[in-house]
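# Coordinate analysis (summary)
Listed here are the chains, written in short residue letters.
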Amino acid sequence: MKRILITGANGQIGVELTPYLRKIYGSENVLATDCREGSGIVSEGGPFSLLDVRDGKAFSDLMTSFRADALVHLAGILSATGEAKPQLAWDVNGNGTFVALECARANSAAVFFPSSIAAFGPSTPRRDTPQDTLQRPTTIYGVAKVTGELLCDYYHLKYGLDTRGVRFPGLISYEALPGGGTTDYAVHIYYEAVSKGAYTSYIAAGTFMDMMYMPDALEAVVRLMEADPSKLVHRNAFNISAMSFEPGQIAAEIKKHIPGFSLSYDVDPVRQGIAESWPDSLDCSAAREEWGFSPRYDLALMTADMLRRVGGKGR
Ligand code: NAD
Ligand code: AKB
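The following refers to the structure shown. (Residues numbered from 1 in each chain as written. Chains lettered and ligands numbered in written order. Predicted model: local features only at pLDDT ≥ 70, side-chain atom pairs only at ≥ 80, totals over all residues. Heavy atoms only, no water.)

### As for the environment of Arg-127
Residue placement: Arg-127 occurs in the loop between strand S5 (110-116) and helix H6 (140-159). Residue classification places Arg-127 among the exposed residues on the basis of a relative accessible area of 60%. Counting along the chain gives 152 residues from Arg-127 to Pro-279, while the straight-line C-alpha distance between them is 6.3 Å. The contact partners of Arg-127, leaving out residues within four places of it in the chain, are Asp-280 and Ser-281. One polar contact links Arg-127 to Asp-280, side chain to side chain, over a distance of 3.3 Å. (Helix = DSSP H or I, 4+ residues; strand = E, 2+ residues; numbered from the N terminus. Buried < 20%, exposed > 50% of the residue type's maximum accessible area, 1.4 Å probe, protein only. Contact = heavy atoms within 4.5 Å. Polar contact = N/O pair within 3.5 Å; in protein donor to acceptor, adjacent residues only side chain to side chain.)

And the structure:
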């Protein structure tokens, strides 16, 4: 990757991945794009253009004029918003990903595509979910993610495009709030622990989901994109995760720092239903073996850092 165009750069991942990539590859070599103006972090640190990924002409023109040789395609609608607006979710996540791959093909650019634990469904083995297994998701978000995974494989097989990608778990971070997902509770809990000493979870006790702290996610993107292609058996849709927990476990960890913290529940049936359709814990051995995936943060380390960072924001 030398000249990178990022879509959806103003989101939870983009606001951290954009400066991370600019530090490695040079600010002038990373063009951030989004369909909306965002915070200064992205637009002031290097080139920024407004781009709706469904606009194929504008997308292709930008790829060409920037001479992009890599595309990091983050633009998307997340799972909970997707269930509220399925047509929009398909348009952006399904059609938008097809447009992105066509623009990459026209410019011979490498592609990073972030799939999700949402690419699995209720019939998928729930624990130690294998890399290659049943994928029958029951959300529009998951349907579009499986489509994106398959399209990335297809563009590699058919056109030799250097497509690569992971299945991210829920990502936890402090620079930007998450954008309408099911795993968002695991971010909000830290903010409310700091501001109120209490949190009401929309996810029920005992519901396990895979999660990862943002620094490990950023590292994983670059490590995979820079990996020796001859070692990649899968290329796309690598299972990655750093931890799996249920709300009570994150609360117990927070209590070690804020002893008076209390957790209550007011379960949202839509997001609970989505969470129950996803795996409890992924098997990440393919990512470890093929490109050295190795996250540093577990629940304890992440909690200590999140509380310190979120607490620091309030001062
Ligand atoms: P986000 O919702 O925070 O950000 C998405 C960004 O896409 C937003 O800034 C939004 O303005 C932009 N966008 C929406 N529609 C667009 C359009 N038509 N054209 C251009 N931009 C558009 O999401 P995120 O958490 O940063 O996730 C980025 C990608 O990673 C998504 O594809 C998401 O599915 C995937 N992912 C995220 C997580 C996570 O936990 N954050 C987990 C798994 C996969
Ligand atoms: C969501 O909850 O929608 C995302 C994801 C796991 O894909 N965080």
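### A closer look at the site of ligand 1
Taken together, the neighbourhood of ligand 1 is formed by 27 residues, with Gln-12, Ile-13, Asp-34, Arg-36 and Tyr-141 sitting nearest. In the environment of ligand 1, an oxygen atom lies 2.5 Å from a nitrogen or oxygen atom belonging to the side chain of Tyr-141. When ligand 1 is considered free in solution it has 830 Å² of accessible area, and contact with the protein chains removes 93% of it. Contributions of two or more residues to the shell around ligand 1 are made by S5, H6 and strand S7 (170-172). It is S5 that provides the largest number of residues to the shell around ligand 1, a total of three residues. Residues of the shell around ligand 1, tallied by class, amount to 13 nonpolar, nine polar and five charged. (Near = heavy atom within 4 Å. Areas by Shrake-Rupley, 256 points an atom, 1.4 Å probe, with all protein chains shown as cover. Nonpolar A, V, L, I, M, F, W, Y, C, P; charged D, E, K, R; others polar.)

### Description of helix H5 (residues 86-106)
Helix length check: H5, at 21 residues, gives a terminal C-alpha distance of 29 Å against a target of 30 Å (1.5 Å per residue), a fit within 8%. Its axis deflected by about 30° at Gly-96, H5 carries its strongest bend there. Taken as a whole, H5 has its buried residues at Ala-89, Val-92, Asn-93, Gly-94, Gly-96, Thr-97, Val-99, Ala-100, Leu-101, Cys-103 and Ala-104. Its buried side turned inward, H5 meets helix H3 (56-66), strand S4 (70-73), helix H4 (79-84), S5, H6 and strand S6 (163-168). (Expected span 1.5 Å × (residues − 1). Bend = angle between axes of the 7 residues up to and from the residue.)

Purely geometric stuff here, so don't read any function into it on its own.
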